[in-house]
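Structural overview for review
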Amino acid sequence: MSNQIIIAIDGYSSCGKSTLAKALAKELHFIYVDSGAMYRAVALYFLRNNINLNDHNEVVEALKNIHLNFHSRDYKTHITLNDEDVSSEIRQMPVSERVSSVAAIHEVRMEMVKQQQRMGKIKNIVMDGRDIGTTVFPTATVKIFMTADPKVRAERRYKELLPANPGITLEEVFENLAHRDYQDTTRAESPLRRAEDAIILDNTDLTPDEQLLFALSKVEPFLS
Ligand code: CDP
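Residues numbered from 1 in each chain as written. Predicted model: local features only at pLDDT ≥ 70, side-chain atom pairs only at ≥ 80, totals over all residues. Heavy atoms only, no water.

**A closer look at the domain arrangement of the chain**
Splitting the chain by domain gives domain 1 (1-30 + 124-224) and domain 2 (34-123). Each of domain 1 and domain 2 was reduced to a C-alpha centroid, and the two centroids are 18 Å apart. Between domain 1 and domain 2, the contact holds 31 residues from the first and 26 residues from the second. Taken together, both faces of the contact between domain 1 and domain 2 bury some 2200 Å²; the carbon and sulfur share is 49%. Here Asp-131 and Arg-109 are joined by a salt bridge, their closest N and O atoms 2.9 Å apart. At the surface where domain 1 touches domain 2, the tally comes to 11 residue pairs in polar contact (both at pLDDT 80 or more). Put simply, the parts of the chain that give the side of domain 1 that touches domain 2 at least two residues each are helix 1 (17-28), strand 6 (125-129), helix 6 (132-136), helix 7 (150-161) and helix 8 (170-186). Class assignment for the residues of the side of domain 1 that touches domain 2 results in 12 nonpolar, 9 polar and 10 charged. (Domains from an automatic or database assignment. Contact = heavy atoms within 4.5 Å. Buried area = accessible area lost by both parts, 1.4 Å probe. Salt bridge = Lys/Arg side-chain N within 4 Å of Asp/Glu carboxyl O. Polar contact = N/O pair within 3.5 Å; in protein donor to acceptor, adjacent residues only side chain to side chain. Helix = DSSP H or I, 4+ residues; strand = E, 2+ residues; numbered from the N terminus. Nonpolar A, V, L, I, M, F, W, Y, C, P; charged D, E, K, R; others polar.)

**Here's the deal with the site of the ligand**
Near the ligand lie 20 residues; those nearest to it are Arg-40, Arg-109, Asp-131, Arg-180 and Asp-184. Contact distances for the ligand include 2.8 Å between an oxygen atom and a side-chain N or O atom of Arg-109. For the ligand, a nitrogen atom lies 2.8 Å from a polar atom in the side chain of Asp-131. Within the complex, the protein chains bury 97% of what would otherwise be the 540 Å² of accessible surface of the ligand. Broken down by element, the residue count for the shell around the ligand peaks at 4 residues, all from helix 2 (residues 35-48). When its residues are assigned to classes, the shell around the ligand shows 4 nonpolar, 6 polar and 10 charged. Here the shell around the ligand spans two domains, and each of domain 1 (1-30 + 124-224) and domain 2 (34-123) adds at least three residues to it. (Near = heavy atom within 4 Å. Areas by Shrake-Rupley, 256 points an atom, 1.4 Å probe, with all protein chains shown as cover.)

**Side note on the environment of Ala-23**
Among the structural elements, Ala-23 can be located in helix 1. For the pair Ala-23 and Ala-140, spaced 117 residues apart in the sequence, the C-alpha separation amounts to 18 Å.

This is the structure:
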C-alpha cells in the first residue's frame, strides 16, 4: 500500500499510550498493535518455563517455541501465547517485574521487531511501545512521544490494577514504573528515547478525549 499510514506512539510506562492508540485506531479504523503485550507474553513464557535470561542458547530455543497472535475484539487487545489467551495474566505484577529485563535481550528484540514490521506491511496501523518511532518504523507517518507526571502515572495504573489485586500498594506500582523506565531508557539496544521528529504529548492534565483530539489534529493532514 503506497499511501499507507503508520502512527507510532512511544513513551514511558503507563502514560496512556495504549488508551490513545486504541482510541485513534477506533476513530480512524486502523489496526492497533500493542507491542508491549508481545514483550509481556515473552516474559510470561520465560517465567513459566524458568528460562535463564543469561543463557543465550536457552533464550534462542525458547523463542522458537513462542507463537504470538493478536485477536482484536472491540479494540481490546487479546493476545495469545501458543493459542492460550494470556491478555489478563501479562498485566500482573510478576510479569511487570521481569518484562524490562526480558525486553533488553538482543535476540528477543530482533524477533519482536521482525514480527512488528511484518504487521506494519499490511494496513494502516497504530502501534505503541518504546522503540516504534526509532527502530520499528523510523519512517512512520506520525510519531508521538508521550509523557506524564510519574505520580499521576502511578495513580492511574494503581487504579487499573486494584480491582483484581486487592493487596497491591501505590508505592509498589510507583517503584515498578520507575524501575522499568530506568531499565528501558538505559538498555544498550533500542533504548526508550524520543525520535527527533516525534511530537511530544504530555497528558498529565489532559483527559482521554483531549489527548485524542490533539493526536487527531496531527494525523488529519495525512488522511486523504
Ligand atoms: O503498559 P506499560 O506502559 O506499563 O508497558 P507496556 O507497553 O505493556 O510494555 C511493557 C514493557 O515492555 C516495557 O516496560 C518495556 O520494557 C518493553 N517494551 C519494549 O521494550 N519495547 C516496546 N516496543 C514495547 C514494550
